[in-house]
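Close look at the chain arrangement
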Amino acid sequence: MKYISKIILLFIVLAISSCNEEYLETAPTDQLGADEVLSTIVNQRAALEGIHRYMYGSGGSQDEAGGYGDHLINYDFLGQDVVNPQRGSGWFIAVHQWLEHRSNTSSLVSQTYNFYYTIIVNANNIINSIDNVDGTDDEKNNIKGQAYFYRAFGHYMLVQLYAERYKAGQANDQLGVVINLDDLSNLGEAKARSTVDQVYAQVEADLTAALQSLNASSVTFSDKSQISKNVVNGMFARVYLTKGEWANAITYAQAARQGFPLTSATQIQEGFNNYGATGWIWSSRIIPDQGTYFSSFFAYMSYNYNSSHIRADPKCINTDLYDMIPASDVRKGFWAVTAAERAAIVLPSSFAKYPYMNIKFKSPGSGTLGDGDIVLMRTAEMILIEAEANARLGVANEVAARTALFSLVSQRDPNAVISVNTGQALIDEILVQRRIELWGEGFNFLDLKRANLPLQRSTRGSFSLTQARITEMPAGDLQWQWFFPIGAINVNPNLVQND
């Protein structure tokens, strides 16, 4: 489509994440037509593997080249709970200051826009062609189901960022984003933005199609970078939480975590770098010699990766949030506050240490071994969705909300007791637990936006106004909507800017 300023043909050359030589081709894909590349079931699978690989290595500016993991960092830098300390390497500063997402020429808005539409178009290539190739129904349904998921995922992320928030119980006829169902063989004319309601309807339709296709296939994978029925259910739970469809959010959150016990208090302290961890439903599994190194998630969010960014700029926690964590909670140990706690962190002398610095994310090694696996969906998140949705349903569901919440916090804090809060106090308690449990995993900005809450940054601890520029942003302000990149505006006169 003409509104897409950049299309990357993923396919075979990026299918290396599968580690199967049968997926590799000698002919460069830029010399092949899409119909030729996708002419066999093997190549269809390879095209899907290319999307998996693209999720953690998309190219572009260094702080965005690590794919979706780097996008998650940007969302947290727009939030209030990840703090950039007093000196930094420069990466993410304009994001943290709420400047870059409101610039139509910034690499952030163009890379983000291109990233999700590239996933969408490559998913469309599969969806629109796979029925015409030879192969078993089992294999075709598995590939098609995963492609439908990716198309839903791309549109869902775009509408959250570039549009006004979804308003539950209202007509959401505000402008959303362009819906793209075209593939590279049929790039249509420039289209206008669909409404937010229309985009969410497409997301739900694609997730439904994804479940139907995956249910019709017996193909399964142990690799959590593959899209399973659990992952689709988890995305449904996220969508319904965003839309305020609380009963549906509960149903799908419960389905998503079936077979995935909560990560134990011991395992949760092991560095968030291993896709095999109990409670990880979806993740990018990083093959050591195919990592993105100094563009990787761990090169920015760990405490020990040997990058200039980490050496100068360990990420810290909002002090107000830290103070809400009981001393007996194992998650309190995710951050080093006192001089003694920081001294206990074994690092070379060239690494800076700041109060409230995180040690939640640990790089598993150095060089080609430094890129840990990236967590994308966890059982803990599903429990928190279940708890929040029950609490928002009202008094009749508050026991269920408190029970779900306790099933999580009792595994984090041996001294925890079941909540006695009701009403808004119970909702607020759950949201605090969500901020603690999911810190640094990319949820904070989008959570504030969906709940129509203001940005409120603590100015204590390692907070630096020079680095942050702002401490508050009112809920519902226009600045919660990202600008569209100027390149997309220039090629699509129907694309209305968010100004």
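Preceding this section is the structure that the text describes.
In short, a report on the structure. What you see is a predicted model, and the numbers here were worked out from it, not measured in a lab. (Residues numbered from 1 in each chain as written. Predicted model: local features only at pLDDT ≥ 70, side-chain atom pairs only at ≥ 80, totals over all residues. Heavy atoms only, no water.)

1. Observations concerning the packing of helix α15 (residues 398-409) against helix α16 (residues 423-437)
Stated formally: Geometry is summarised by axes, namely lines fitted to C-alpha atoms with helices restricted to the contacting stretch, and by angles between N-to-C directions that run from 0 to 180 degrees. Strands are runs of DSSP state E lasting at least 2 residues, helices are runs of H or I lasting at least 4, and numbering of each runs from the N terminus. Angles below 35 degrees are treated as roughly parallel, those above 145 as roughly antiparallel, those between 65 and 115 as roughly perpendicular, and all remaining angles as oblique. Here a crossing is called left-handed whenever its near helix is offset anticlockwise from the far helix by less than a right angle, and right-handed whenever the offset is clockwise. Should any heavy atoms of two residues lie within 4.5 Å, those residues are counted as being in contact. Residues are grouped as follows: nonpolar covers Ala, Val, Leu, Ile, Met, Phe, Trp, Tyr, Cys and Pro; charged covers Asp, Glu, Lys and Arg; every other residue, Gly included, is treated as polar.
Running from N to C, α15 and α16 point in directions that differ by 25°, and their axes come no closer than 11 Å. Comparing the axis directions of α15 and α16 gives the class roughly parallel. Judged by the twist between their axes, the crossing of α15 over α16 is left-handed. Where α15 approaches α16, its residues E398, A401, R402, L405, L408 and V409 are matched on the opposing element by G423, L426, E429, I430, Q433 and E437. For the contact of α15 with α16, the residue count by class is 6 nonpolar, 2 polar and 4 charged.

2. A word on unusual backbone geometry
For clarity, the cut-off: When a residue's accessible area, from a 1.4 Å probe over protein chains only, is under 20% of the maximum for its type it is buried; when over 50% it is exposed; and in between it is partly exposed.
A positive phi angle, near 60°, is found at W98, a position not held by glycine. Looking at the secondary structure, you find W98 in the loop between α4 (93-96) and α5 (107-127). For N452, which is not glycine, the phi torsion reads 55° and is therefore positive. Secondary-structure assignment places N452 in the loop between α17 (444-450) and β7 (455-456). By relative accessible area, N452 is classed as partly exposed at 35%.

3. Digging into the pattern of salt bridges
Where we set the bar: Put simply, a salt bridge is a Lys or Arg side-chain nitrogen that is within 4 Å of an Asp or Glu carboxyl oxygen.
Taken as a whole and judged by the stated rule, the model has 24 salt bridges. Note that R402 is salt-bridged to E398, the shortest N-O span being 3.9 Å. Here the residue R402 and the residue E398 both occupy positions in helix α15, the gap between them amounting to 4 residues, near one helical turn. Overall, E398 belongs to the buried group, its relative accessible area being 6%. The closest approach of N and O atoms between R450 and D447, which form a salt bridge, is 3.1 Å. Here R450 and its partner D447 are both found in helix α17, 3 residues apart, which amounts to about one turn of the helix. Residue R450 shares its accessibility class with D447, and that shared class is buried.

4. So, the packing of helix α14 (residues 379-393) against α16
Interaxial distance between α14 and α16 falls to 9 Å at its minimum, and their mutual angle equals 165°. Judged on the interaxial angle alone, α16 and α14 are roughly antiparallel. The crossing of α14 and α16 is left-handed. Residues A380, E381, L384, I385, A387, E388, A391 and R392 of α14 form the contact with α16, whose participating residues are L426, I427, I430, L431, Q433, R434 and E437. Of the residues assigned to the contact of α14 with α16, the class counts are 9 nonpolar, 1 polar and 5 charged.

5. Describing the packing of aromatic side chains
The description of two aromatic rings rests on the distance between their centres and on the angle between their planes. The following threshold applies: In this scheme Phe, Tyr and Trp rings, the latter by its six-membered ring, pair at centre separations within 6.5 Å, and the angle between planes marks the pair as stacked below 30 degrees, edge-to-face above 60, and tilted otherwise. Whether a charge sits over a ring depends on NZ of Lys or CZ of Arg being within 6 Å of the ring centre and within 35 degrees of the ring normal.
Applying the stated criterion to the full structure yields 33 aromatic pairs. Consider the rings of Y113 and Y162, whose centres lie 5.9 Å apart with planes at 80°: the pair is edge-to-face. Taken as a pair, Y113 in helix α5 and Y162 in helix α6 (residues 137-162) lie far apart in primary sequence, 49 residues in all. A centroid spacing of 5.8 Å and a plane angle of 70° characterise the contact between Y116 and F153, whose relative ring orientation is edge-to-face. Placement of the pair is Y116 in helix α5 and F153 in helix α6, with a sequence separation of 37 residues. One aromatic cluster is present, built from ring pairs that chain together F272, F297, F298, Y322, F334, W335, Y356, F361 and W439. Here the basic side chain of K360 rests over the ring of F272, its NZ or CZ set 4.6 Å away from the ring centre.

6. Observations regarding α6
Let me state the cut-off plainly: The span you would expect from a helix comes to 1.5 Å times its residue count less one.
With 26 residues, α6 should cover 38 Å at 1.5 Å per step; its first-to-last C-alpha distance of 37 Å lies within 8% of that length. Most of α6 is tucked away, with 23 of its 26 residues classed as buried.

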